[in-house]
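Per-entry structural report
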Amino acid sequence: MSKVLAAIDNSAAARPVLAAGAAFARLLHADLEALHLRENGDRTARAAAEAAGLPLRELAVRELPGSKIAALLAAGEAADVEAMVVGARASRIGRRPVGHIALELIVSQLKPLLVVPPHAFVPERFQRILVPLDGTRMTSAALAQTIELAHDSDVDVVALHVHEQDSLPLFSDQPQHEVETWRREFFARHCPHPEKVRLEVRVGIPAENVLRAASESESDLIALGWAQSLGEGRAAIVREALERSDVPILLVPVVRGARHTTSDQHEAG
Amino acid sequence: MLDWDGTAVPDRRADAGRVRHLFEALSRAGFDIAVVSGTNVDNVDGQLAARPAGPGELHLCLNRGSEVFAVGPAGPRVVHRRVATAEEDAALTRAAELAVERLAHRGLEARIVSERLNRRKIDLIPEPAWADPPKARIDELVLAVTDRLAAHGVHGLPGAVEIARRAAADAGLADARVTSDAKHVEIGLTDKSDSARWILEHVRLRGLRPRDMLLAGDEFGQLGGVPGSDSLMLVSEAAGAAGVSVGVEPGGVPPGVIALGGGPDALLDVLEQQLRRRTRRELPHVPDDQDWTLAIEGIDPELERAHEAMLTLADGAIGTNGSLLLAHPATAPRVLAMGLYDGEGTETELLPCPVWTQLAGELEPSDRVQRLLDLRTGLLHQQLSLREGVLRAVLFSSAARPGTVALRVEGPAQRLQRRGGLAAPLARGAQAGGAGRRRWLCVAASHGGVVAAVAESRLSAGRKMGRLDRVGTYVVDHAALPEPVEAVEALREVEQAGFERLLVEHRATWARRWEEADVVIEGDPELQFAVRFSLFHLMASVPDSGEAALGARGLSGPAYRGHVFWDSDVFVLPSLAATHPAAARALLEYRVRRLLAAREAARRSGRAGARFPWESAGSGFDVTPPLAYDRTGRVIPIRTGELEEHIVADIAWAASCYLDWTGDEEFGSGSGLTLLVETARYWASRIRLDQHGGAHIDGVIGPDEYHGRVDDNAYTNGMARWNLRYAAHLAAAAHASGVDAAERDGWLAVADALVDGYDASTGLYEQFAGFFALEPLVIEEIAPRRPVAADALLGHDRVRAAQVVKQADVLMLHHLLPDEVAPGSLEPNLAFYEPRTAHGSSLSPGIHAALLARTGRTEQALAALRLASRIDLDDLTQTTAGGLHMAAMGSVWQALAFGFAGVRPGRETLRFDPHLPDAWQALELRLRHRGSVVRVRIEPGELLVHANPPLAVRVGDGDPIPVGPAGIRLQRRAQEWTEGNR
């Protein structure tokens, strides 16, 4: 049986991490394992695991052969680990920037990573997932499985597409037909199970609109496809979501150059 | 195309039975054959005696280029004959006599042995031993003649030919054709090159190209120093044809000709092999001409549905998208029928029809696929490289028999096992039936329906491979569900014709359509292809009989539900009116048949006349949805159905456009007149008079849909005014218009009083009352790019309150009615409105291209034209999957014709005012004006035009000039066009 590995610290964030991990594991039909890198005590971590009904695997930091992040990555690389869960940071006070362990995992982890805000209210089962789709093949490919999983588990999916200034459509002849035609084709290109997915379209800045749409749609999980780089100008949505989201963020790595077909060349004339 | 004596038969006395049977079989298999010979029809037909039944044609090109006979079941009939004038005939005799004289002067006896049609034959070796030498002794003959000539100081055959050529010149024949077959020298007015050119032109009009042709002879190479007579068939127009010699060819063969040898038997073996391949149902050549081919490699799931739309095969009755023959998750096979709707009211949409293109099984990820659409012939080629072998297919929807389809496949036998050949459309109930190799499927619509019937035949093609022919018919009825027996009966006819005949007819029809409508742009191959792509789909989508309910996306997709907008009347119709008027007439017939509904709509709104709907489908009543979601999911009211009334005048304009190009008096005095009268009556009842006598049209939406419910929209008012005046003029000229003088005078009066927003001091038309008071945003300066959906960029409310225009509005008036707007107003209005136009509609760029070209801004025009031409090829809207943008395609032709060529049809004349971009070497158009076939070629500073029958042409502001089939060449000097050398 596959598992979801929840990495907790000895803080108040441990409980919501385990709760989100449990809900996510249900979605994946997987087990949940809690992992604690013990550094300064473990009573809070143990209590959270016990409350969640989970055994706790502990590794003493001083006994680690390498860094903490290396240990977490190694644990995540195990063949039976489908995804990892980690807290965004220990406390909700302040602007809530993402903690350094979480950041390291975010840019390094090659499997889906669920990042949980310390104050998140996580239901026992996820009811609704917001899936922003930017209209690129890579993102669509990355998030297709998430949508499939949600569909199989009867979880509502709200797909979101945000038209930015540069990606606004060139033409829109008759809105009473154009919109329907565009939406139908958008679903066909980017979203399986269109009959079960609600598509929300916004115009504006994607990052702002993702959080607003999550709130308006009462989504309890946001799934983002991303290329694992938080450099300047990149992954604005991910940064914004990690810092300001009230719900867990599922980061799904995008595989660069992903193709659906054997060949993909279009000639005209 | 083959020589006779020595090539098809050993000599003129040989038994030609094998040839006869072979020619008749080749004709049945769809091959065209042309015999080229120097002798006459009695000799050739007397020997051959073939009576082919077709579909392939047999022509005899005889008397050395002077005659052509078409041979059918009743025998040969002359289809072309070069008739020499009395002077020419006398000159030929004099030339021959002079040549003989000059040879005699050198002591050489030569004789004029025959006076044939348009030529004289001189025997260079009139000795009994060489009376009738067989072809096999040609090298001996050459030697004997050469020696004989040399003995009298003549330098071989070249010397004899030169003597004859000079004699011909001295006799007054400027372009004599002098040839030699070693024994004779012939002086004539024509030769085999004339035969070759006639045949090549004839088969070109049947959709065949030189690469589809075999040229066979026995004397291609030099004979004693002079070119063999068959080399004359190797004209430049034949480049690409396969040349084969079965002769001895002592001097070798020219480059590109295969020296097969073996005489006539060898040639007949080659022909029999071709026949066997055809009988085995081998597929036609896959095209390799990039100017005419749309190639789609592989399957891109994201773009597959758009590709399928681009690859649509249509025939005016049905349209079949270019989906793959095997199932794949991304494909969406679809067939739509012209004007066959399902549903009611605003939910009316085109009915999905049975699909005829599917084979058994699915594609696997490892399978490689390729599709090629040959725009020239309307054939779609598919090649699928499967695990079990390669599957190749060719499909077409018959342009000659609309509603008839054909598929030929060669591939792994297991893939050809599908029984039936028809698939019901998804989520539709269908009745099915059939017997033997025939199957039918019947799908009902809310009113009427469709029955499709197919028949299949299979052949084995070796181990595990097979061949399949599938032919089908679609019978559509808009009123009642057709009976399956109707489709099955139609299918029998099609089966009897067979795949080969269907293919020949289809190719020939497309060849004729391109002959009528092709546009050539020299110096811009990418644009050339895009233009042909547009023309192909325009021609394929509209029938030329009955009525044409051409929806916004034609027959290529279900988007816009197949609803008919002004797209078909104003954007598509002009190209067809100017090239294939019957199709334009069908577009108008759609409106004529809905006059009753339009009158009822007018009556319901308290108006007179006919009020045509903004969106129309089967019933002719408005089917515009009143509400819709915008991009962000917000519910918005749709007022176009209620307020976009310019459609009424647009339809009247379409009728006048058709009349300008055709002069169709029956239409002009009949249903066309009714259309114009009823639309005029509508406007007369719609217009409000103010207390000062000014006339207004309040509360409309113009072409610029960013601004709803405006008063005195310049376009609407301008078109309405024109409508009233034109109808008054036409009614006055008609015998029985039903419009009395008082009514006509009333129209004219209210037309004169109608405000149009024109300010002579600025030269500008105000787009609607209060437009100039709106926020002066210039979208060109503030948008990141254009085109842009400005309402999404700035929001509906901001756009509505600003001078941001969705598409040509005032400028559309200048485009459609250039003679009705204030003289000189195009420039200032273009300068004002173009930067304020967001081009948020795909209808906009092409029209702007036309206007920019007219004002000489050719580079800007070219940029707009490129954009318009690539809307579907580059899927710029991400909605090409729903179908191709027919109006944009029509606007591409209009930009070229009305813009760059500056064409304007008048009652008496055809006017040109060309403006060519620097990058183009030439622009060629084909037009039909009032029955005259017109060809125009525009080069920088030059214009060459032909017209048959003759008509009067004006260029620029010049006076009318008569132009006939010989054509005239005009050159521009400063601003004037003057006649140059012809």
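Definitions and cut-offs
Residues numbered from 1 in each chain as written. Chains lettered and ligands numbered in written order. Predicted model: local features only at pLDDT ≥ 70, side-chain atom pairs only at ≥ 80, totals over all residues. Heavy atoms only, no water. Helix = DSSP H or I, 4+ residues; strand = E, 2+ residues; numbered from the N terminus. Rg over C-alpha atoms; globule rule 2.2 N^0.38 Å. Buried < 20%, exposed > 50% of the residue type's maximum accessible area, 1.4 Å probe, protein only. Contact = heavy atoms within 4.5 Å. Lys, Arg positive; Asp, Glu negative; His and termini not counted. Charge placed at Lys NZ, Arg CZ, Asp CG, Glu CD. Areas by Shrake-Rupley, 256 points an atom, 1.4 Å probe, with all protein chains shown as cover. Pairing = 2+ DSSP bridges. Axes fitted to C-alpha atoms, helices over the stretch in contact; angles between N-to-C directions. Expected span 1.5 Å × (residues − 1). Salt bridge = Lys/Arg side-chain N within 4 Å of Asp/Glu carboxyl O. Phe/Tyr/Trp six-rings, centres within 6.5 Å; stacked < 30°, edge-to-face > 60°. Domains from an automatic or database assignment. Buried area = accessible area lost by both parts, 1.4 Å probe. Polar contact = N/O pair within 3.5 Å; in protein donor to acceptor, adjacent residues only side chain to side chain. Core = buried A, V, L, I, M, F, W, Y, C linked by side-chain atoms within 4.5 Å. Parallel < 35°, antiparallel > 145°, perpendicular 65-115°, else oblique. Nonpolar A, V, L, I, M, F, W, Y, C, P; charged D, E, K, R; others polar.

Take the overall build of chain B next. For chain B, the helix and strand inventory stands at 27 helices and 43 strands. In terms of overall size, chain B behaves like a compact globule, its C-alpha atoms giving a radius of gyration of 33 Å where 982 residues would be expected to give roughly 30 Å. Here chain B, with 982 residues, has 62% of them falling under the buried criterion. Taking contacts inside chain B between residues at least 6 apart in sequence as the whole, the part at least 24 apart equals 65%. The centroid of the 107 positive side-chain charges in chain B is displaced by 4 Å from the centroid of its 131 negative side-chain charges.

Moving on: the overall build of chain A. If you tally the helices and strands in chain A, you get 8 helices and 10 strands. A compact globule built from 269 residues should have a C-alpha radius of gyration of about 18 Å, and chain A, at 19 Å, falls within 12% of that. Dimensions along the principal axes, computed over C-alpha positions, put chain A at roughly 65 × 40 × 35 Å. Burial statistics for chain A: of 269 residues in total, 53% are counted as buried. Look at the contacts in chain A between residues 6 or more apart in sequence, and 76% of them connect residues 24 or more apart. A total of about 12100 Å² of accessible surface is found on chain A, and carbon and sulfur atoms cover 49% of it.

Below, the discussion takes up the sheet that holds strand E40 (residues 951-955) of chain B. Residue and element names in this part refer to chain B. The mixed open sheet is built from 4 strands, whose spatial order is E35-E36-E40-E41. Lying at the two open borders of the sheet, with one neighbouring strand each, are strand E35 (904-905) and strand E41 (961-963). Direction of pairing for E35 relative to strand E36 (residues 909-912): antiparallel, over a ladder of 2 bridges. If you follow Pro905 over to E36, its bridge partner there is Leu910.

Residues and elements named next belong to chain B. Judged by pairing direction, the sheet is antiparallel, and its 6 strands sit side by side in the order E28-E37-E38-E39-E42-E43 without closing on themselves. Looking along the sheet, the strands with just one partner apiece sit at the ends: strand E28 (520-522) and strand E43 (976-979). Neighbour-to-neighbour, the strand axes of this sheet turn through a mean angle of 20 degrees, independent of strand direction. Direction of pairing for strand E39 (residues 942-948) relative to strand E42 (residues 968-973): antiparallel, over a ladder of 4 bridges. By the bridge assignment for E42, Leu944 is matched with Arg969. Running at roughly 105 degrees to strand E37 (residues 922-929), helix H9 (residues 484-517) makes contact with E37 and strand E38 (932-939) of the sheet.

Right, let's get into unusual backbone geometry. Residue and element names in this part refer to chain B. At the junction of Gly54 and Pro55, the peptide bond is cis and its omega measures out at 10 degrees in the coordinates. Topologically, Pro55 is positioned in the loop between helix H2 (41-48) and strand E3 (58-62). Cis peptide bonds are those with omega within 30 degrees of zero, and the linkage from Arg786 to Pro787 qualifies with 5 degrees. Looking at the element boundaries, Pro787 is found in the loop between helix H20 (779-782) and helix H21 (790-794). Positive phi values are uncommon outside glycine, yet Ala49 reaches one of about 55 degrees. In this fold, Ala49 is placed in the loop between H2 and E3. Of note, His839 is a non-glycine position whose phi angle comes to about 55 degrees, a positive value. Locating His839 in the fold gives a position in the loop between helix H24 (826-833) and helix H25 (844-854).

Attention shifts here to helix H7 (residues 206-217) of chain A. Counted at 1.5 Å a residue, the expected span for H7(A) with its 12 residues is 16 Å, and the 16 Å between its end C-alpha atoms agrees. Taken together, the buried positions of H7(A) are occupied by A:Pro206, A:Ala207, A:Asn209, A:Val210, A:Leu211, A:Ala213, A:Ala214 and A:Ser217.

Residue and element names in this part refer to chain B. Locating Gly339 in the fold gives a position in strand E18 (residues 335-342). A residue is classified by how much of its surface remains accessible, and Gly339, at 13% relative accessible area, is buried. For the pair Gly339 and Glu547, spaced 208 residues apart in sequence, the C-alpha to C-alpha distance is 8.5 Å. Excluding residues within four positions of it along the chain, Gly339 makes contact with Leu350, His478 and Ala549.

In this section: the pairing of E42(B). All names here are of chain B. By the bridge criterion, 4 bridges tie E42 to E43 in an arrangement that is antiparallel. Residue Arg973 lies in a different strand from E43, and its bridge partner there is Glu976. Following E42, the chain reverses through 2 residues before pairing antiparallel with E43; Ala974 in that reversal takes a positive phi of roughly 60 degrees.

A few words on the pattern of salt bridges. All names here are of chain B. In total, this model carries 109 salt bridges over all chains according to the counting rule given. A salt bridge links Glu500 to Arg408, with the shortest nitrogen-to-oxygen separation between them at 2.8 Å. Linking Glu500 in helix H9 with Arg408 in strand E23 (residues 404-412), this pair joins segments that are 92 residues apart in sequence. Residue Arg408 is classed as buried on the basis of its relative accessible area of 3%. One connected set of salt bridges, linked through shared partners, spans Arg277, Arg280, Glu282, Arg392, Glu410 and Arg467.

The next subject is the packing of aromatic side chains. Residue and element names in this part refer to chain B. What the rule picks out here adds up to 21 aromatic pairs over all chains. When the ring of Trp722 is compared with that of Tyr726, the centres are 5.2 Å apart and the planes differ by 20 degrees; the resulting orientation is stacked. Placement of the pair is Trp722 and Tyr726 together in helix H18 (residues 714-733), with a separation of 4 residues, close to one helical turn. Of the two residues examined, Trp722 and Tyr726, each falls in the buried class.

It is worth spelling out the domain arrangement of chain A at this point. Residue and element names in this part refer to chain A. Looking at the assigned domains, one finds that chain A contains domain 1 (3-116) and domain 2 (128-240 + 251-266). Between the C-alpha centres of domain 1 and domain 2 there is a distance of 27 Å. Residue-level contacts link 14 residues of domain 1 with 11 residues of domain 2. Both sides together, the interface formed by domain 1 and domain 2 hides about 1000 Å², and carbon and sulfur atoms give 67% of it. The interface formed by domain 1 and domain 2 contains 0 salt bridges. Connecting domain 1 to domain 2 are 1 residue pair in polar contact (both at pLDDT 80 or more). Secondary-structure elements contributing two or more residues to the side of domain 1 that touches domain 2 are helix H1 (14-28), helix H4 (100-108) and strand E5 (113-116). Per element, the largest residue contribution to the side of domain 1 that touches domain 2 is 4 residues, and it comes from H4.

Within the secondary structure, B:Asp913 is located in the loop between E36 and E37. When near neighbours in sequence (up to four residues on either side) are disregarded, B:Asp913 contacts B:Gly899, B:Phe900, B:Ala901, B:Gly902 and B:Gly956.

Let us look at the nonpolar core. With 206 residues, the main nonpolar core has B:Tyr474, B:Trp566, B:Leu896, B:Phe912, B:Trp920 and B:Leu923 as its most contacted residues. Top contributing element to this core by residue count: helix H15 (residues 646-662) of chain B, with 12 residues. Those residues within four positions of B:Phe912 in sequence are excluded, and the remaining contacts are B:Ala901, B:Gly902, B:Val903, B:Leu927, B:Val934, B:Val936, B:Leu943, B:Val945, B:Val953, B:Arg954, B:Val955 and B:Gly956. Judged by nonpolar contacts, the second largest core, of 49 residues, contains A:Leu18, A:Phe24, A:Ala49 and A:Leu221.

Mapped onto the elements of the fold, B:Glu705 is located in the loop between strand E32 (695-696) and H18. The residues contacting B:Glu705, other than those within four sequence positions of it, are A:Asp173, A:Gln174, B:Trp614, B:Thr640, B:Glu644 and B:Lys806.

All names here are of chain B. As a packed pair, helix H11 (residues 566-579) and H15 sit with axes 9 Å apart at the nearest point and diverge in direction by 5 degrees. In this view, H11 runs roughly parallel relative to H15, as classed from their interaxial angle. Facing Trp566, Asp569, Val570, Leu573, Pro574, Ala577 and Ala578 of H11, the residues of H15 in contact are His646, Ile647, Asp650, Ile651, Trp653, Ala654, Cys657, Tyr658, Trp661 and Thr662. Of the residues that constitute the contact of H11 with H15, the class distribution is 13 nonpolar, 2 polar and 2 charged.

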